[in-house]
Each structure stands twice: as structure tokens, then as C-alpha cells.
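The chain contents come next:
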Amino acid sequence: MRLEILGSGGCVTTPRPFCGCPACEQARSNGPEYSRLGPSLFVHGPDLLIDTPEEIIIQLNRSRAGRIGACLYSHWHPDHTAGRRLFEYRTDWVGRPPRHGCTNVIIPRTVASTFESSMSIMDHLKLFVRRGLIDLQIVDDDEEFTVDGYTVRPVRMAVEYVFGYEIHGNDKRVLIVMDELKGWQPSDRVRATRYDVVYLPIGVLDVNPVSGVRLIDADHPMLKGEQTIGETAEVMSQLDAGSFVLSHIEEPDCITLDLASDLSRLLTARIGRPVRLAHDTMLVEA
Ligand SMILES: [Zn+2]
Ligand SMILES: [Zn+2]
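Everything quoted here is computed from the prediction, not taken from an experiment. (Residues numbered from 1 in each chain as written. Chains lettered and ligands numbered in written order. Predicted model: local features only at pLDDT ≥ 70, side-chain atom pairs only at ≥ 80, totals over all residues. Heavy atoms only, no water.)

Time to look at the overall build of the protein chain. Summing up its helical and strand segments, the protein chain has nine helices and 14 strands in all. Each principal axis of the C-alpha atoms in the protein chain carries an extent, and together these give about 65 × 45 × 35 Å. Within the protein chain, the proportion of its 286 residues that are buried is 54%. Considering only contacts within the protein chain whose residues lie at least 6 apart along the sequence, 65% involve residues at least 24 apart. When the accessible surface of the protein chain is summed, it comes to about 12500 Å², and 49% of that surface belongs to carbon and sulfur atoms. Computed over 30 positive and 40 negative side-chain charges, the inter-centroid distance for the protein chain is 4 Å. (Helix = DSSP H or I, 4+ residues; strand = E, 2+ residues; numbered from the N terminus. Buried < 20%, exposed > 50% of the residue type's maximum accessible area, 1.4 Å probe, protein only. Contact = heavy atoms within 4.5 Å. Areas by Shrake-Rupley, 256 points an atom, 1.4 Å probe, with all protein chains shown as cover. Lys, Arg positive; Asp, Glu negative; His and termini not counted. Charge placed at Lys NZ, Arg CZ, Asp CG, Glu CD.)

In total, this model carries three aromatic pairs according to the counting rule given. Centroid distance Y73 to F115: 5.4 Å. Interplanar angle 75°. Geometry classified as edge-to-face. Taken together, the residues Y73 in the loop between strand 4 (70-72) and helix 3 (78-81) and F115 in helix 4 (residues 109-117) connect sequence positions 42 residues apart. Taken as a pair, Y73 and F115 share a single burial class, namely buried. Between the aromatic rings of W76 and Y161, the centroid separation amounts to 6.5 Å while the plane-to-plane angle is 45°, which identifies the pairing as tilted. Separated by 85 residues along the polypeptide, W76 in the loop between strand 4 and helix 3 and Y161 in the loop between strand 8 (150-156) and strand 9 (163-169) bring together distant segments of the chain. (Phe/Tyr/Trp six-rings, centres within 6.5 Å; stacked < 30°, edge-to-face > 60°.)

Bringing the coordination of the zinc ion (ligand 1) into the picture now. Within the first shell, the zinc ion (ligand 1) binds the protein through D79 (OD), H80 (NE2), D179 (OD) and H248 (NE2), at distances of 2.0 to 2.2 Å. Coordination at the zinc ion (ligand 1) comes from four donor atoms whose angles at the metal span 88 to 158°, giving a geometry best classed as irregular. Counting gaps between the donor residues of the zinc ion (ligand 1) yields the pattern D-H-x98-D-x68-H. Within this pair, whereas D79 is found in helix 3, its partner H248 is found in the loop between strand 12 (240-247) and helix 9 (257-271), the two being separated by 169 residues in sequence. By relative accessible area, H248 is classed as buried at 8%. (Donors = N, O, S within 2.8 Å, 3.2 Å for Na, K, Ca; no water. Tetrahedral: all angles 85-135°; square planar, octahedral: opposite > 155°, others 65-115°.)

The protein atoms that coordinate the zinc ion (ligand 2) are C19 (SG), C21 (SG), C24 (SG) and E251 (OE), at distances spanning 1.9 to 2.3 Å. Bound by four donor atoms, the zinc ion (ligand 2) shows angles of 101 to 116° at the metal and therefore tetrahedral coordination geometry.

Along the chain, F145 falls in strand 7 (residues 145-147). Between the C-alpha atoms of F145 and S29, which are 116 residues apart in sequence, the distance is 43 Å. Leaving out residues up to four positions away in the same chain, F145 has contacts with L72, I106, V139, Y150, T151, V152 and P154.

Here the focus is the pairing of strand 9. Counting buried residues in strand 9 gives six out of seven residues, a clear majority hidden from the surface. Two strands pair when backbone bridges link them, and strand 8 and strand 9 are joined in this way by six bridges, in the antiparallel orientation. Bridge assignment links V155 to a residue of strand 9, and that residue is G164. With antiparallel pairing between neighbouring strands as the criterion, strand 8 and strand 9 make up a hairpin whose turn holds six residues. Of the pairings in the sheet, the one linking strand 9 to strand 10 (residues 172-176) comprises five bridges and is antiparallel in character. Within strand 10, the residue paired with I167 across the bridge is V174. Remark: two residues form the turn of the hairpin made by strand 9 and strand 10, two consecutive strands paired antiparallel; N170 in that turn has positive phi of roughly 50°. (Pairing = 2+ DSSP bridges.)

The subject of this paragraph is the nonpolar core. Counting 49 residues, the largest nonpolar core has L41, L49, F87, I167 and I176 as the members making the most contacts within it. Other than its neighbours up to four places away in sequence, L49 contacts L6, S40, L41, F42, I56, L60, I68, A70, C71, L72 and L86. Grouped together as the second largest cluster of nonpolar side chains are 31 residues, I229, M236, A241 and V275 included. (Core = buried A, V, L, I, M, F, W, Y, C linked by side-chain atoms within 4.5 Å.)

In C-alpha cells form, the structure reads like this:
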């Protein structure tokens, strides 16, 4: 398996329109490795696409992906779903009959029910089903399924409408969590599992762990709902992984590539396993 980071950003992309901070200026002048578009990951092998941010068409066009075996969703938030019009790439108004095929979309039952209640996402997907553009499969929240011989198991986060995915095949096993790690206590089973790669959201940079400088007030209300980088480090210390990749890196945290490599070094030393900060187009071998 090989992970391709299509988008390493979060809710706010880097560069952010009109922003002149060092991270945004680097991204504008130096190209995709310095950019952080919306959160999306492609898993080569089963050819899984996980989440479709607004920029997904640009991200897939610049990727090494050649097909979509199935598309999974972590949760309904707009930064993870707003690019779902991607599925119209199958549209064919020239062929008679149309030559388009279906894209498989597989979601746990709870994700489906929040798609029903949020932003008309399910209405939009049902339109694609009617047009023959997607095949929508709803699985139980803890139901394993297979894609091209790989086993996929949904892993529910503490935020109950959010799911990570454990993917297993060809003697490799990865754990992917796209966002919303806050409050998650890995189950005994997860803690006992050996993963080749674990992919997690980094959390907000409330304190710069390199300099020790506090960047966000300790009593800021945002920290009640948002995971911090220190809390993410605690989760990593509970998991058995060959290496970690941290993503969903928000522009307001202003993590330049220099700071990213400093953070990688520091976290690698603290966790005792390689920890890398993701950037767009990064490839990770499992
Ligand atoms: Zn997000
Ligand atoms: Zn900026």
C-alpha cells in the first residue's frame, strides 16, 4: 500500500487568499509541496479515495491516481465533503447510450444519517445515484468490507459521527484518521494492533513545542473542542506504528516547511518512531 497525500490542509488552505504570512508566501512561490489544500488522501493498492474537499479535482489531476476503487468519507464537515461534485466526472452526454460507469461510495450508517441532516449532502448523492454516476453502499458502523481484496474496517472516533479507517491487505496495515481526534481513546484492540503507518490530524499548535512559546491562550474556548498537538502526541504514544504521518495542518498555525521539519524531529525523538508532517503530493510507503 502507498498513501498519497492529496491535501494536507484543513478547513483553511495554505495559501489562504490574500494572506501574506511566510507559509502562504512560500506556498505561492514554491509549488505544491509547500501548499496545503483541503483534507484528502488516496490509498494506492485498493485505490481508495478518502474525503473530497473543494479542490479534489485539482488534487486528483496532479496525483498518480489512475482510478477510484471506492470513495470513503470520514464525516460530513464541508472541508471533507464540499468537492463531491467530483463524481460528475463520469458524466457522458456524447455517447449513446452514455459510456459512464459508477464510482463506488461506501459510508458507515452514522455518516449516512448525518449526510441526511447536513447541507443536503445525501440529496446530492442520491441525485448521482439516479444519474448512474455513483453506487452508494451503506455499511454498519463497525462492519468490515472489502475493496479489491483489501479489508477496510471503520473505526469510530469519540466525536460519534466521525470515522477513521483501518485498511489491511498484502501483509500491510494502516490506520487513517482524517480529522476530529479530540477525546479519542484507542480501544484495547487498536492499541494491541501493529500498524505499518498511522495517519492522524496534527491538532492545533497551541504551544510551539520547539520554542516553548504559547501561541493560543490556555483558556481559549476553541481548545475545548479542538485537539492540540500535545494531545495528538499522547494518542501516538498509545499506538504501535512503524511510522506516523500528521496532516490536516491549518493555515492559521503558520507551519512553514522549516517549522514542519523541526516539529518532525522533535516528535520523532519524543515518540521513538518516525513522525512526519504531511505536505501536498507526499507519498508514504506502508
Ligand atoms: Zn477537517
Ligand atoms: Zn497565511
